[in-house]
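The residues making up each chain are set out below.
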Amino acid sequence: LALAGTALADPVEDTLVVETDDGAIEFVTTTTAPDHLKDVMDTIYSGWHYREDETRDLQRDDFDNPGMVFVDRGMDLWNQEIGAKGESCAGCHEGPESMKGLRAVTPRVDAGTGALMTVENYVNECVTERMGLEAWGMTSDKMKDMLALISMQSRGEVVNVAIDGAAAPFWEKGKEIYYTRFGQLEMSCANCHEDNQGQMIRADHLSQGQINGFPVYRLKDAGILSAQQRFVGCVRDTRAETFKPDSDEFKALELYVASRGNGLSVEGVSVRH
Amino acid sequence: MTGRLWLAAVAAFAAAVPAMSETAPKDVAFVEGAIEASLSGMPGNPEEGAKVMTTNALGNCVACHQVNGIPNVQFPGTIAPPLDGVADRWSEAQLRGIVANAKMTFEGSFMPAFYKTEGFIRPGAAYSGKAPEGDLPPILTAQQIEDVVAFLMTLKE
């Protein structure tokens, strides 16, 4: 039994390459930790390395990746004239490739307003202010379909969120949350994803809890999950009162967790169990 | 309601009320991490203890520990030391202390405190993600702690 544990302890050695119409994309799924993590770890790994062979394989081929259905739905939504005056995303932004690079640098502080913005926040700004619609729910199907489409435009790009300047106070707040032992089980994100990454917590192989793969298609839920939705699940599992998606706390946490993955590739829509 | 059912209901209610000799979580006295007396004032039942240890919603000790003394547990965790032989390493009082609040024995331990009701940051009502209504119960009852300790005492090598 002890042996089985040790054998499983490490992230699997493997390389992720996906063939696309524009050629093969080779993903950075393992790399040197960013400077701000150097005192706690040397290497960062995408959560992809901790999953079973079959789950990893699903992500190698877009025809097998169940998340691509949601990207297609996002594309339909992008083109629909849904605004109060018949506006569409496409009408103002042309193709979704206009969103290239955004996912790799968000959350980020908006230079104009000083607000911390996730991709979802940007989408809702257009939905409400530029299309005259009610805000989309942060974890609604529409929002997650759009998030999947927008993330795909940065597929293969290296995550590089800013943590200094205007971002610094948000980043510090996120870091504090990451190391706080919440709930009746008194567990922090770091207890599981830093101290015990690679270990088995019951049947689950603990990853570093990176979000470069988000949104993910989760086989267990047969649906798309945003990073903050995953945070809700993890905090709930510590017998804690969770924060809500789009709360100041979870936005700051998303920035901080994203920064722990600076150097890994955006996976677009990844597959997890 | 028939007379007999009514009696059964009274009995069930009586069982839910803590016995006079039970020590409440906030009154527990730790001596160097150990707790001398039974928390329920009753002896523990090792069979029940093994159930508590392998039930997700209760102790779920196997999420972190292997226990070869409990067969047929699928996928035990690898986070914490195997519990086999634990009764050779610790006394009953020490084991009671570790299960009630391991942080009194191992400073800053990752192991949750199973008999503690105060001093948490944003505690929730079990695994609901919501704030608790009213007082927070300990994760395990006094008797469940005793049952677990009784089982741990059988783990000799």
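Since the model is a prediction, treat every value here as computed from it, not as a measurement. (Residues numbered from 1 in each chain as written. Chains lettered and ligands numbered in written order. Predicted model: local features only at pLDDT ≥ 70, side-chain atom pairs only at ≥ 80, totals over all residues. Heavy atoms only, no water.)

Peer 1: Account for the UniProt feature "domain: Cytochrome c" (unreviewed entry) in chain B, naming residues and giving values.
Peer 2: Per the UniProt record, "domain: Cytochrome c" (unreviewed entry) is found at residues 44-156 of chain B. In residues 44-156 of chain B, the share of helix is 30% and the share of strand is 0%. The end C-alpha atoms are 17 Å apart. (UniProt positions renumbered as here; feature names shortened; annotations may be inferred. Helix = DSSP H or I, 4+ residues; strand = E, 2+ residues; numbered from the N terminus.)

Peer 1: So what's going on with the interface of chain A and chain B? Residues and values would help.
Peer 2: At the junction of the two partners, chain A supplies 27 residues and chain B supplies 38 residues. Here chain A and chain B share an interface that buries about 2800 Å² over both sides, 54% of which is from carbon and sulfur atoms. On the chain A side of the interface with chain B, the three residues burying the most area are Gln184, Arg202 and Arg239 of chain A, jointly 31% of the side's total. For the interface between chain A and chain B, the tally reads 2 salt bridges. The salt bridge involving Lys103 of chain B is made with Glu186 of chain A; its shortest N-O contact spans 3.7 Å. The interface formed by chain A and chain B contains 16 residue pairs in polar contact (both at pLDDT 80 or more). At the level of secondary structure, the elements contributing two or more residues to the side of chain A that touches chain B comprise helix H1 (2-9), helix H9 (189-195) and strand E7 (200-201) of chain A. Of the residues assigned to the side of chain A that touches chain B, the class counts are 12 nonpolar, 8 polar and 7 charged. (Contact = heavy atoms within 4.5 Å. Buried area = accessible area lost by both parts, 1.4 Å probe. Salt bridge = Lys/Arg side-chain N within 4 Å of Asp/Glu carboxyl O. Polar contact = N/O pair within 3.5 Å; in protein donor to acceptor, adjacent residues only side chain to side chain. Nonpolar A, V, L, I, M, F, W, Y, C, P; charged D, E, K, R; others polar.)

Peer 1: Explain the side chain of Gln184 of chain A residue by residue, including any values.
Peer 2: Looking at where Gln184 of chain A falls in the secondary structure, it is placed in the loop between helix H8 (168-178) and H9. From its side chain, Gln184 of chain A meets the backbone oxygen of Lys116 of chain B in a polar contact 3.4 Å long. Discounting chain neighbours no more than four positions away, the residues touching Gln184 of chain A are Thr238 and Arg239 of chain A together with Lys116, Phe120, Pro123, Leu136, Pro137, Pro138 and Ile139 of chain B.

Peer 1: Lay out the packing of aromatic side chains in plain terms, naming residues and giving numbers.
Peer 2: Under the definition given, this model contains 9 aromatic pairs over all chains. Judged by centre distance (5.7 Å) and plane angle (80 degrees), the rings of Phe182 of chain A and Phe243 of chain A are edge-to-face. Of this pair, Phe182 of chain A sits in the loop between H8 and H9 while Phe243 of chain A is found in the loop between helix H10 (227-236) and helix H11 (248-260), placing the two residues 61 residues apart along the sequence. You can call Phe182 of chain A buried: its relative accessible area is 7%. Assessed through its relative accessible area of 8%, Phe243 of chain A is described here as buried. One aromatic cluster is present, formed by Trp171, Tyr178, Tyr179 and Tyr256 of chain A through successive ring pairs. The lysine or arginine in question, Arg56 of chain A, covers the ring of Trp48 of chain A, its NZ or CZ lying 5.6 Å from the ring centre. Over the ring of Tyr127 of chain B we find Arg239 of chain A; its NZ or CZ atom is 5.0 Å from the centre of that ring. (Phe/Tyr/Trp six-rings, centres within 6.5 Å; stacked < 30°, edge-to-face > 60°. Buried < 20%, exposed > 50% of the residue type's maximum accessible area, 1.4 Å probe, protein only. Lys NZ or Arg CZ within 6 Å of the ring centre and 35° of its normal.)

Peer 1: With reference to specific residues and values, describe the layout of surface pockets.
Peer 2: All names here are of chain A. Its volume calculated, the second largest pocket comes out at about 670 Å³. Around the second largest pocket sit 22 residues that line it, and Thr20, Asp21, Asp62, Met152 and Arg155 are the ones nearest its centre. At the level of elements, strand E1 (17-20), helix H3 (68-79) and helix H7 (141-152) are the ones that each hand at least two residues to the lining of the second largest pocket. Of the residues forming the lining of the second largest pocket, the biggest block, 5 residues, is contributed by H3. In terms of residue class, the lining of the second largest pocket is built from 9 nonpolar, 3 polar and 10 charged. (1 Å grid on protein atoms, 1.4 Å probe; cavity = no way out; pocket = protein on both sides within 12 Å on 5 of 7 lines; lining within 4 Å. Points joined across faces, edges and corners; volume = space filled by probe spheres on them.)

Peer 1: Tell me about the confidence of the model for chain B, and name the residues and values.
Peer 2: All names here are of chain B. Mean pLDDT over chain B: 90, with 87% of residues reaching 70 or higher. Predicted confidence is poor over residues 5-14, with pLDDT under 50, and the contacts of this stretch with residues over four places away or in other chains come to 1 contact. As scored by the predictor, the complex reaches a pTM of 0.94 and an ipTM of 0.92. (pLDDT = per-residue confidence, 0-100.)

Peer 1: Account for the nonpolar core, with residues named and values stated.
Peer 2: Residues and elements named next belong to chain B. Formed by 34 residues in total, the largest nonpolar core has its most connected members in Met53, Val67, Ile145 and Leu152. Of all the secondary structure elements, the ones that give two or more residues to this core are helix H2 (46-54), helix H4 (92-101) and helix H5 (142-152). For this core, the element with the highest residue contribution is H5, accounting for 6 residues. Contact partners of Met53, with chain neighbours within four places excluded, come to Gly59, Asn60, Cys61, Val62, Val67, Ile70, Leu83, Val148, Phe151 and Leu152. (Core = buried A, V, L, I, M, F, W, Y, C linked by side-chain atoms within 4.5 Å.)

Peer 1: Describe the environment of Lys85 of chain A, naming the residues involved and giving the relevant values.
Peer 2: All names here are of chain A. Inspection of the secondary structure assignment puts Lys85 in the loop between H3 and helix H4 (89-93). Under the relative-accessibility criterion, Lys85 is labelled exposed at 77%. Residues Lys85 and Thr30, spaced 55 residues apart in sequence, show a C-alpha to C-alpha distance of 47 Å.

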